[in-house]
Amino acid sequence: MTEIEVQNLTKTYRVGEVEVHALRGVNLKIERGEFVAIVGPSGSGKSTLFHILGGLTPPTSGTVLLDGRDLIKMSEADRTRLRKTTVGFVFQKYNLLPTLTGADNIEIARDIAGTKKNGPDPQFEEILKLLGIASRLKHKPRALSGGEQQRIAIARALVNHPALLLADEPTGNLDTENSNAVLSILQGLNKRLGQTILMITHDPEAAAYADRTVTMRDGRVV
Amino acid sequence: MIHRLVFENLKHRPVRTLLSVIAIGVEVTLILTLVGVSRGVLSDMAARSKGTGADILIRPPDSAGFTFSLTMNEKVVDKVRTQPHVTMATGTFVKYIDSFNSITGIHLDEFNAMSGGLKVKKGRMFQAPDEIVVDDVYAQQHHLKPGSTTDLAHTWTVSGIVEEGKLSRTFGDITALQQLFEARGLVSTIYVKLDDPANTAAVKDELQKVLPTYKIDSIEDFVSLFSVNSVPYIEAFTRVVIGIAVLIGFLVVCLSMYTAVLERTREIGILKALGASPFYIVGILMRETVLLAITGTVVGILMTYGTRALMATFAASMPQEIVPDWYLRVAGIALAGSIVGALYPGLRAARQDAIEALAYD
């Protein structure tokens, strides 16, 4: 079953008086439960695709079907709803809220989505077990290592059971040991729980953890 | 959860939070002190008027508000004394030195008989023409003791300190004052004591017939004039001070929240990535603002006890009342100023582009 279907997707930014064609007709299909890595040099359009699929910016033209809904027809409020319920983000810089503990960083995602915990959530309990962060949840980000922060960020991204997990260079700030651990976790989430994952990376070794690699160059999939 | 985020955000920058709270506290205390002093001064004046022991007060025709002029012939006092039910009448002479100081000339025996007597706490009563007595509040404020001299349009020697609460803070012999200020035979006010206070209304009506152009009030009616509503400039001044106070609160909160929004640009991006709506983000800032305003109001109320102590030490003649009936009003004023101050930073945060915010370092 297709999770994401992108057809002739374009995105044009305006920087001052200059138009920047970040995406020039991207076509891409990702099946439900797939783990796909997107690789490509800087300026190839990976991040722009990531932002569009995550509902952070609207496309200029084309079709982007995500979980059956067309992003091109979505209003700002629709995209906000999409981020709450359908997409989970993992960023290179972890992006945890520094004033909250690990547990609260996860909880605030629930609060924003309006899915307050009512009783046990076995699937999320399993995710937490897989992430191995139970003993670190009471700490604030400044007291956590990069690997621990990224694992909490993954937990936060998955707490609302999104259809798609978008990971932007999730190992970019980690050493080899932690990188391998995080990638193994992503792979485990995909294999054991069937989580659809789209990961952007520069690193071919990281991309090797995915089922499939998509290469982008000059705003197109090649 | 959002409340924990709000609380942690405020805790994260303790100095900024503290300064904001203090600034709102100053705003609150400014208003409460002004209102408290206005009321305190008027209540004090009313209490001292009642301290004369009189039932009726007669002022010259050209008197305005609760001020006194010097255009009443002393012979009017004799006329008043002849009226039925009048047991005592005494004229006083009020010489205004400036807005805050005056000196009151009295017939000591008559005044003592009517008021129950000025109680000398230190020194002795005035005897010579250039001697005065001052009450303990005035003495404390001006560091006076028996034997000191003070300049009130004339150099006076303080012969004694009397207990406060009777008519004035400074007393001299009426004849000496009339001569010194070239107002022989003139008085400012006549205080009238009746055989029975129950006769006040009837005697007042009779006196009004005898002295039709004079301002004649029962002492109760007269002291009722000592309210903020009866003094238009106090109300106007209060409004101006409230305006300035609100402006201070607005500017401080606006600046504080603006810097918070700038500092938290990335965090706002994170919240947006998690699906937080503009309303949710504005809600966080508004909750922080409300918490600052409430804490600032409490601090401001507590600071008011400090300003009262300062007033009692450095300006004892301007007593400050604590005004609990203003607490809710001042909380509303502080809250409104703070919320308006947080609006622009809040809207700026809500409009923040998520991608730019996430890229912010």
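Treat the numbers as computed from the prediction; the structure is a model and nothing was measured.

Summing up its helical and strand segments, chain A has seven helices and ten strands in all. Relative to its length of 222 residues, chain A is compact, with a C-alpha radius of gyration of 17 Å against a globular reference of 17 Å. If one aligns the C-alpha atoms of chain A with their principal axes, the spans along those axes are about 50 × 40 × 35 Å. The proportion of buried residues among the 222 residues of chain A is 47%. Pairs at least 24 apart in sequence give 73% of the contacts found in chain A among residues at least 6 apart.

As a further point, take the overall build of chain B. When you go through chain B residue by residue, the secondary structure sums to 13 helices and twelve strands. A compact globule built from 361 residues would reach a C-alpha radius of gyration of about 21 Å, whereas chain B, at 29 Å, exceeds it by more than 25%. Taking the principal axes of the C-alpha coordinates as reference, chain B spans close to 90 × 45 × 30 Å. Across the 361 residues of chain B, 39% fall into the buried class.

Attention now goes to helix 1 (residues 46-53) of chain A. Three or four residues apart is the spacing at which side chains of an α-helix point the same way, because the helix has 3.6 residues per turn. All names here are of chain A. Counting buried positions over the eight residues of helix 1 gives seven, a clear majority of the element. Every buried residue of helix 1 is listed here: K46, T48, L49, F50, H51, I52 and L53. Just downstream of helix 1, G55 is the residue with a positive phi angle, here 75°.

Attention shifts here to the packing of helix 3 (residues 102-113) of chain A against helix 5 (residues 146-158) of chain A. Packed helix pairs are characterised by how far apart their axes lie and by the angle those axes make with each other. Residue and element names in this part refer to chain A. Contact geometry for helix 3 and helix 5: axes closest at 8 Å, N-to-C directions at 25°. Between helix 3 and helix 5, the angle is such that the two are roughly parallel. The way helix 3 lies across helix 5 gives a crossing that is right-handed. When helix 3 is examined against helix 5, the residues G102, N105, I106 and A109 are found in contact with a partner set consisting of I152, A155 and R156. Residues of the contact of helix 3 with helix 5, tallied by class, amount to four nonpolar, two polar and one charged.

Pairing in this open sheet of six strands is mixed, and the strands run 6-7-8-3-9-10 (chain A) from one edge to the other. This sheet does not close on itself; its edge strands, each paired only once, are strand 6 (87-90) and strand 10 (220-221) of chain A.

All names here are of chain B. Counted residue by residue, strand 11 (residues 189-194) has six buried out of six residues, so it is predominantly covered. Both faces of strand 11 are covered, namely the face carrying T189, Y191 and K193 and the face carrying I190, V192 and L194. When strand 1 (residues 56-59) meets strand 11, the two strands line up antiparallel, connected through three bridges. Bridging from a neighbouring strand, I58 pairs with I190 of strand 11. Where strand 3 (residues 86-96) meets strand 11, six bridges bridge the pair, whose relative direction is antiparallel. Looking at the pairing, A89 lines up with V192 of strand 11.

Below, the discussion takes up the interface of chain B and chain A. Reports of interface size often rely on the accessible area that becomes lost once the parts have come together. Each side of the interface is counted separately: chain B has 19 residues, and chain A has 19 residues. Among the secondary structure elements, those contributing two or more residues to the side of chain B that touches chain A are helix 1 (2-12), helix 10 (265-273) and helix 13 (354-359) of chain B. Looking at the side of chain B that touches chain A element by element, the count peaks at six residues for helix 1 of chain B. Residues belonging to the side of chain B that touches chain A are distributed by class as follows: twelve nonpolar, four polar and three charged.

So, about the environment of B:Q83. Residue and element names in this part refer to chain B. Looking at the element boundaries, Q83 is found in the loop between helix 3 (75-81) and strand 3. Take Q83: there are 16 C-beta atoms within 10 Å of it, and that puts it in the partly exposed class. Along the backbone, Q83 and G147 are 64 residues apart, and their C-alpha atoms lie at a distance of 42 Å. The residues contacting Q83, other than those within four sequence positions of it, are V203, E206, L207 and V210.

Residues and elements named next belong to chain B. You can see I242 is positioned in helix 9 (residues 232-263). Among the residues examined, I242 registers 19 C-beta atoms within 10 Å and is labelled partly exposed. Residues I242 and A23 lie 219 residues apart in sequence; the distance between their C-alpha atoms is 14 Å. Discounting residues that sit within four places of it in the chain, I242 has contacts with I31 and I333.

The next subject is the confidence of the model for chain B. Averaged over all residues, the pLDDT of chain B equals 90, while 97% of them reach at least 70. The ipTM assigned to the predicted complex is 0.91, against a pTM of 0.81.

Bridging between strand 4 (residues 102-106) of chain B and strand 9 (residues 170-173) of chain B involves three bridges; their strand directions are parallel. Counterpart to B:T104 in the pairing with strand 9 of chain B is B:F171.

Let us look at the packing of helix 2 (residues 14-50) of chain B against helix 11 (residues 278-314) of chain B. Residues and elements named next belong to chain B. Running from N to C, helix 2 and helix 11 cross one another at 50°; their axes reach a closest spacing of 6 Å. Relative to helix 11, the element helix 2 is oriented oblique. Crossing handedness for the pair helix 2 and helix 11: right-handed. Tallied by class, residues from the contact of helix 2 with helix 11 come to twelve nonpolar, eleven polar and two charged.

The next subject is helix 11 of chain B. Residues and elements named next belong to chain B. With 37 residues, helix 11 ought to run about 54 Å at 1.5 Å a step, and its terminal C-alpha atoms sit 51 Å apart, in line with that. Those residues of helix 11 that fall on the buried side of the exposure criterion are I281, I284, L285, E288, T289, L292, A293, G296, T297, G300, I301 and T304. Summarising the contacts, the buried residues of helix 11 are in contact with helix 1, helix 2, helix 9, helix 10 and helix 12 (327-351).

Rules used throughout
- Residues numbered from 1 in each chain as written.
- Chains lettered and ligands numbered in written order.
- Predicted model: local features only at pLDDT ≥ 70, side-chain atom pairs only at ≥ 80, totals over all residues.
- Helix = DSSP H or I, 4+ residues; strand = E, 2+ residues; numbered from the N terminus.
- Rg over C-alpha atoms; globule rule 2.2 N^0.38 Å.
- Buried ≥ 20, exposed ≤ 12 C-beta atoms within 10 Å, placed from the backbone.
- Contact = placed C-beta atoms within 7 Å.
- Axes fitted to C-alpha atoms, helices over the stretch in contact; angles between N-to-C directions.
- Parallel < 35°, antiparallel > 145°, perpendicular 65-115°, else oblique.
- Left-handed = near helix turned anticlockwise from the far one by under 90°.
- Nonpolar A, V, L, I, M, F, W, Y, C, P; charged D, E, K, R; others polar.
- Pairing = 2+ DSSP bridges.
- pLDDT = per-residue confidence, 0-100.
- Expected span 1.5 Å × (residues − 1).

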